[in-house]
Amino acid sequence: MKRIFTTALALLFCAAALSSAQTIVYYDAALLPLYGKAQADELELSSASALCVTPGTLSPLPDSCRSGSQTIRYHRLPSSLKGVSRDALWNLGCNSAGLYLRFRTNSSSVYAAWESELGFNMNHMTLTGIRGLDLYVLEDGRWNFLGSGRPGFERFTRSRIIGNMEPQMREYMLYLSLYDGIKSLAIGIDDTAQLLLPEVQSPSAESPLVFYGTSILQGGCVTRPGMAFTSIISRRLDREAINLGFSGNALLDMEIARLMAAVENPAVYVLDYVPNATAEMIKAHGEEFFRIIREARPDVPVIFVEDPIFPHSRLDCRMADEVREKNIQQKALYERLKKSGEKKLFYLSAEGMIGDDYEATVDGIHFTDLGMMRYADHIMPVLRKALKASGR
């Protein structure tokens, strides 16, 4: 009799749980503030419809949420650079690396439904890093990882990122994909919950950090978007970071310097292009790139970063020579600018950048999560000095 009663009680609890299951309603993410862009695009949506996905469906977002403006919203480069930038650079600028949304909700679950532009894959980086999403929650003044939006093998994914929470109002940050673009995006919450604009202004967007660099800066090859070092640093300093990392294409293109110079009220510029640029490029074009930024922002500190000492360069003689020559040119540029009277210049040496145990990369070049954390640790003291000099 006791066993029958226990079984009946368990069934009663299960029935109660099922009856209280929430319907999920999706809202167009264009309703939410987006951060991490160097420049807003004139073609972006100014408003959007509230409901984007019929509750319970697994089909792609309807056409009303697939406008060109919606896609452009999640591009890092403004549409004015299409046809101006090299095709390879423009295409990488359509990746959403470093972009993030902010919102608050009292939902017990948070879902996302998104369509990637390319459905891109690589053999040395996880899908969650390439075209997934990353959700953080603000707890006691600190941004903590909560869950990943894990992409499917098709371009459209609907994913529950977190569930079974107490339904209380919380502040969230959603990082977008690193190595693919976002064609459309919706946030799903309980039908009884509210999706609201953020109340806490964190990370602060008043004076952003502006980073320019390579595939490593773009986020290669971390397991999830929140582990890109620009995002790690952004959370540590509670300050918006702009990720202008272009895989294989940080080649000192002058329109990127002009875009960086156009960022409103920047706190600091970080120039981390050396892994892509040749020694000859740095010698020929490094000062011109810097001057575009400096003429527009004479009081903003600039940090010059060396090429990392890659693990295989200790035995690969050609690679060792290449790294050494590029770092010599980077240091020479820095010294030349200082001698010319330039102030608020800082230099980050490669020594100790990713440790000395050779364990911080996935392929001898691109950083793992460990490598990104070590890089962030390495640059933080210099960043703090630069921010002190900035006064922002």
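As a reminder, the structure under discussion sits directly above these lines.
Residues numbered from 1 in each chain as written. Predicted model: local features only at pLDDT ≥ 70, side-chain atom pairs only at ≥ 80, totals over all residues. Heavy atoms only, no water.

Draft legend 1. Seen up close, the sheet that holds strand 14 (residues 302-305). Strand order across the open sheet formed by five strands is 12-11-13-14-15, with parallel pairing between neighbours. Two strands close off the open sheet at either side, each with one partner strand: strand 12 (239-245) and strand 15 (345-348). Between one strand axis and the next, the sheet turns through 20 degrees on average, direction left out of account. Sheet analysis places strand 11 (residues 204-213) next to strand 12, joined by six bridges and oriented parallel. Residue S204 lies in a different strand from strand 12, and its bridge partner there is R239. Lying on the sheet, helix 9 (residues 317-339) is in contact with strand 13 (268-272), strand 14 and strand 15; it crosses strand 15 at an angle near 160 degrees. (Pairing = 2+ DSSP bridges. Helix = DSSP H or I, 4+ residues; strand = E, 2+ residues; numbered from the N terminus. Axes fitted to C-alpha atoms, helices over the stretch in contact; angles between N-to-C directions. Contact = heavy atoms within 4.5 Å.)

Draft legend 2. Structural detail: helix 10 (residues 369-390). Given a rise of 1.5 Å per residue, 22 residues ought to cover 32 Å, and the 29 Å separating the end C-alpha atoms of helix 10 matches this to within 8%. Largest kink in helix 10: about 40 degrees, centred on M380, with the proline P381 one to four residues after it. Every buried residue of helix 10 is accounted for by G371, M372, Y375, A376, I379, M380, V382, L383, A386, L387 and S390. Among the residues trailing helix 10, G391 stands out with phi positive, at a value near 70 degrees. (Expected span 1.5 Å × (residues − 1). Bend = angle between axes of the 7 residues up to and from the residue. Buried < 20%, exposed > 50% of the residue type's maximum accessible area, 1.4 Å probe, protein only.)

Draft legend 3. Structural view of the environment of K385. Note that K385 resides in helix 10. A sequence separation of 39 residues divides K385 from F346, and the C-alpha atoms of the two residues are 8.6 Å apart.

Draft legend 4. Region of the structure containing the nonpolar core. Counting 50 residues, the largest nonpolar core has L209, I233, I303 and L383 as the members making the most contacts within it. Of the residues forming this core, the biggest block, nine residues, is contributed by helix 10. With near-sequence residues (within four places) excluded, L383 lies in contact with I233, L237, V268, V270 and I303. Formed by 37 residues, the second largest nonpolar core is a distinct cluster that contains L244, Y269, Y273 and A277. (Core = buried A, V, L, I, M, F, W, Y, C linked by side-chain atoms within 4.5 Å.)

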